[in-house]
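Listed below are the residues making up each chain.
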Amino acid sequence: MPLMINLRNNIKMRRTSFKGVIIFLGLTLCYVLGEADLGLDTTKPKILDGKNVPNNPTRHAVKSIQSEDGDIIDCIDIYKQPSLDHPSLKNHIIQLAPSYNPNMEEIQTSEQPFRSVTSQVWQKSGSCPKGTIPVVRRRTHNDDELLSNSRKKSPLTVHQRNHSKAILLTEGYNYAGVKADIKVWNPRVESDDEYSTSRISLRSGPWYDFESVEAGWAVNPSVYGDRQTRLFAYWTVDASKKTGCFDLTCPGFVQTSHEIALGAAIYPISVFRGLPYQITLFIFKDPNTNNLWVQYGERTNIGYWPPKLFKTLTYGAECAEWGGDVYSSKLEQVPHTETQMGNGNFPDYIDGNSGYMKRMRILDISLNLKFPEWVGTYADEYWCYQSQYVSDYVSEDGDIIDCVEIYKQPAFDHPALRNHVIQVKPSFDLKEVKINSKNESSKLTVFQTWQKSGSCPEGTVSIRRIRREDLLRANSVQQFGRKPQEVVLKSNTTIEHKDGQSPFFNNTKFTMPTIVNRSAATLVTVGYNYIGAKADINVWNPNVESEDEFTTAQMWLKAGPGDNFESLESGWMVNPQLYGDKKTRFFAHWTKDSYKTTGCFDLHCSGFVQTSSKVAFGGALEPVSTEFGEQYYINVGIFMDPKTNNWWLKIKEDLVIGYWPASTLLFYLNHSSTLVEWGGQVYSSNVKKKPHTKTGMGSGQFASGLRGNACYMDNIAIVDFSMQLKYPQRVGTWADEQYCYTALNYQEGYGKLPIFYFGGPGQNYNCP
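Taking an unreviewed UniProt entry as the reference, the protein chain is identified by name as Neprosin PEP catalytic domain-containing protein belonging to Gossypium stocksii.

A.B. asks: What is the right way to look at the state of the cysteines in this model?
C.D. replies: The bond known as a disulfide is covalent and runs between the sulfur atoms of two cysteines. Evaluation of the coordinates by the stated rule reveals five disulfides. The disulfide bridge from Cys75 ends at Cys128, spanning 2.0 Å between sulfur atoms. Its torsion about the S-S bond being -80 degrees, the disulfide of Cys75 and Cys128 is classed as left-handed. Of this pair, Cys75 sits in strand E5 (residues 72-77) while Cys128 sits in the loop between strand E6 (119-120) and strand E7 (132-136); the two residues are 53 residues apart in sequence, bridging distant segments of the chain. Cys128 shares its class with Cys75; the two are buried. Note on cysteine connectivity: Cys403 is disulfide-linked to Cys456, with sulfurs 1.9 Å apart. With the S-S dihedral at roughly -75 degrees, the linkage between Cys403 and Cys456 falls on the left-handed side. One end of the pair, Cys403, is in strand E24 (residues 400-405); the other, Cys456, is in the loop between strand E26 (447-448) and strand E27 (460-464), with 53 residues separating them in the sequence. In terms of burial, Cys403 and Cys456 fall into one category: buried.

A.B. asks: Before we go on, may I ask you to explain the sheet that holds strand E37 (residues 566-574) in this structure?
C.D. replies: Strands belonging to one sheet form pairs held by backbone hydrogen bonds; the direction of such a pair is parallel or antiparallel. Here we have seven strands laid out as an open sheet, ordered E39-E38-E37-E36-E45-E34-E48, and antiparallel in their pairing. Every interior strand has two partners, whereas the edge strands, strand E39 (600-601) and strand E48 (732-735), have only one. Sheet topology places strand E36 (residues 550-559) next to strand E45 (residues 673-683); nine bridges connect them, and they run antiparallel. Residue pairing in the sheet places Met555 in a bridge with Trp678 of E45.

A.B. asks: Whenever I open this one, the confidence of the model for the protein chain confuses me. Can you help?
C.D. replies: Where the model shows low pLDDT, its predicted coordinates should not be examined in detail. Looking at the protein chain as a whole, the pLDDT averages 82, with 80% of positions reaching at least 70. Within the protein chain, strand E50 (residues 755-759) carries the highest mean pLDDT (97), whereas strand E3 (residues 42-43) carries the lowest (32). Note on residues 105-116: pLDDT under 50 across the span, and 28 contacts to partners over four residues away in sequence or across chains. For the stretch residues 154-159, pLDDT sits under 50, and the model shows 31 contacts to residues farther than four places along the chain or on other chains.

A.B. asks: Got a minute to help me understand the side chain of Lys483 in this structure?
C.D. replies: Mapped onto the secondary structure, Lys483 falls in the loop between helix H4 (468-473) and strand E28 (487-488). A relative accessible area of 1% places Lys483 in the buried class. Those residues in contact with Lys483 that sit more than four places away from it in its chain are Arg518, Phe550, Gln554, Trp556, Glu569, His589, Tyr595, Phe601 and Gln681.

A.B. asks: Explain the pattern of salt bridges here, please?
C.D. replies: Scanning the entire structure with this criterion turns up 28 salt bridges. Between Asp71 and Arg230 there is a salt bridge, and its shortest N-O distance comes to 2.6 Å. Taken as a pair, Asp71 in the loop between strand E4 (61-66) and E5 and Arg230 in strand E12 (residues 230-236) lie far apart in primary sequence, 159 residues in all. Given a relative accessible area of 0%, Arg230 falls into the buried group. Across the salt bridge formed by Glu569 and Lys483, the nearest N and O atoms sit 2.7 Å from each other. A residue pair is termed long-range when its members are at least 10 positions apart, and Glu569 in strand E37 and Lys483 in the loop between H4 and E28 qualify at 86 residues. Looking at Glu569, the relative accessible area reads 0%, which means it is buried. Through salt bridges with shared partners, one network takes in Asp399, Arg464, Asp581, Lys583 and Arg585.

A.B. asks: How should I be thinking about the packing of aromatic side chains in this particular structure?
C.D. replies: Between two aromatic rings, the relevant description is the distance of the centres plus the angle of the planes. The full count for this structure, using the stated rule, is 27 aromatic pairs. For the pair Tyr382 and Trp383, a centre-to-centre distance of 5.7 Å together with 80 degrees between the ring planes defines the contact as edge-to-face. Judged by relative accessible area, Tyr382 falls into the partly exposed class, the value being 44%. Aromatic side chains Phe667 and Tyr668 sit 4.9 Å apart centroid to centroid with 80 degrees between the ring planes, which places their arrangement in the edge-to-face category. Taking relative accessible area as the criterion, Phe667 reaches 59% and is therefore assigned exposed.

A.B. asks: Looking at this model, I keep getting lost on unusual backbone geometry. Mind explaining?
C.D. replies: One can expect most non-glycine residues to show negative phi and most peptide bonds to be in trans. Cis geometry marks the peptide bond from Glu622 to Pro623, where omega comes out at -5 degrees. Of note, the bond from Lys690 into Pro691 is cis; its omega dihedral lies within 30 degrees of zero at -5 degrees. Tracing the backbone shows Pro691 in the loop between E45 and strand E46 (711-719). The phi dihedral of Glu332 is positive, around 55 degrees, even though this residue is not glycine. Summarising the element assignment, Glu332 is placed in the loop between strand E19 (317-327) and strand E20 (355-364). Unusually for a residue other than glycine, Asn517 sits at a positive phi of about 75 degrees.

A.B. asks: Sorry if this is basic, but what is going on with the nonpolar core here?
C.D. replies: Across soluble globular proteins, nonpolar side chains show a tendency to be buried alongside one another. Trp572, Phe586, Ile634, Trp647, Leu649, Trp660 and Trp678 are the most contacted members of the largest nonpolar core, which totals 71 residues. With 61 residues, the next largest nonpolar core counts Tyr175, Val219, Ile266 and Met357 among its residues.

The rules behind each value
- Residues numbered from 1 in each chain as written.
- Predicted model: local features only at pLDDT ≥ 70, side-chain atom pairs only at ≥ 80, totals over all residues.
- Heavy atoms only, no water.
- Disulfide = S-S within 2.5 Å.
- Helix = DSSP H or I, 4+ residues; strand = E, 2+ residues; numbered from the N terminus.
- Buried < 20%, exposed > 50% of the residue type's maximum accessible area, 1.4 Å probe, protein only.
- Pairing = 2+ DSSP bridges.
- pLDDT = per-residue confidence, 0-100.
- Contact = heavy atoms within 4.5 Å.
- Salt bridge = Lys/Arg side-chain N within 4 Å of Asp/Glu carboxyl O.
- Phe/Tyr/Trp six-rings, centres within 6.5 Å; stacked < 30°, edge-to-face > 60°.
- Core = buried A, V, L, I, M, F, W, Y, C linked by side-chain atoms within 4.5 Å.

And the structure:
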């Protein structure tokens, strides 16, 4: 009977095309116990007579190292190591290195600093010479006690009563390897006879007599004599009844590395809100020798289990697992053990402050390293320890896109949205009508860079991951992802007539506020109730001079008083401080108090409810337009659903991204917008002063350059309560600094509606 023969009846399995996945583990103390669907019972093993326990290896020590944590590391001649005491290995010829390199995928440069924990504590005090292996000297001299403690408690029934797992697993194929990046923590272990692990494993055979190999980190007082987090490897060929052990406490595992010691303490350890330290572990089969190797990091091969130890696992594993395991006699009881899994927190995919595994891969019989085709999550005690996974795509531009379950997105952290029911799609269908025929050189920007690397499945939303370095660039954590508050000077000026278009609305000059640190060039319509607006926005990559400046090409829908307005916005932006580079990226923004305390870019705060898995806020756009070359644009629209008052955001003609729930987030915009703007804005402390910033707007060229030279917006339209797309009845242009950035509403010919051009280089001869 295969180990996982009934797995699909108990665990929801999913077919995936994921390039990478993150799994989160947790928690600790619980009082309501979930009932396990699958597991193996345990009983206390018999203490063996010690005949298979290796002789004291210290007699073969070439050198001994006293570690600062109290461990003693004996450097033992590789040919005199304990493993060779196994009866099956008497004449074993050691394979010093695998016959091939199993790592078939490139490590992303942006992830390198956190790929692996490269140190063990003992390495601070010395190193073992080549030709030896480091062996942690055990703190007990009782061989029977040592072997008993180092063997997992023997499971005898399907219900594994004294073990609690929270894992991701795959089964049904023939697996030759399993790999993951495992975040390293130091969870609490309540009693000396309990332990907690985070590990990868391969299994084969029936549930009552399975074979398995594992590697990971563990806090295991009964084996190691303390509560430090230590690297371990484990094996068994009979479900831990009589065979196998941790590390080298029984013969079997053949070590070849003189750099890494099994059972040695790992450092540094992850801490809350700190750096995410992790180890990379890989168990794989050598196709030429059938040895099962354990690799640490991307290069260090610790050693292997020879095929003579196994019956079925030598030919391939039926199941691969990633996750955590807690052993305690107080599982599924009241009071429950307080021994933690991971770091003691339930899964946390936003802040990353929980146990997790990343870059999880299997090696199939074709020797291709890839994410498994089928995966499922499983937890023995859901109320005590949980597992979740979301996909992660490492984009070629370095971004990581997480595919998050739609009902677990950040929007629902907003107090007003705790019981919000998601509106999956709008109740209206605004048919897109092209008012102006496109120039043949204009093409729709149809993708974001991350989409080259994969796609998120239905039922998830794509979210660009916020990393520690993103937060460090912000002036403060509270200000991260938000526009700086607008500071309005007392003196206001009026919209100026510069391009043949009327500066009047209803025969009245319209005043625009003078705002510190911002310079805009816009097309404005005001005076009616608007429930939607759209435009095709030409995409460029203008220069941004300083890291704390940004430039946008966007659309605004506003309502409310000038000093406390509400605004919904979207378009493209170059913002080094927010995104960490100078790429052109798609964005959205909202506020209900003119940027004072509410709202943010993208999903950096709760509020916007995303429904699409196809677009990620903050994702880089490509290709971008070039001067007198190909011209690319994105179609952006914001429309209010008259039935729900949700403001929907669209990109392209038919791709709905999600919505702002106005009835809970907003006040004035709960009815309609009273002002719409299209154009560009530059934020800098060096606008409206000398020397002026060199940050460009639009293409970085003035509006008079027209198509191919200046940035433009075409097919501009509004929607009123007639629910019809139409060009606004009255418009006017505005430029804060006409010698730095300009605005031009240009009509190419009779019968055609104007195309709005805007932009400029910033500092120039006339804008010193």
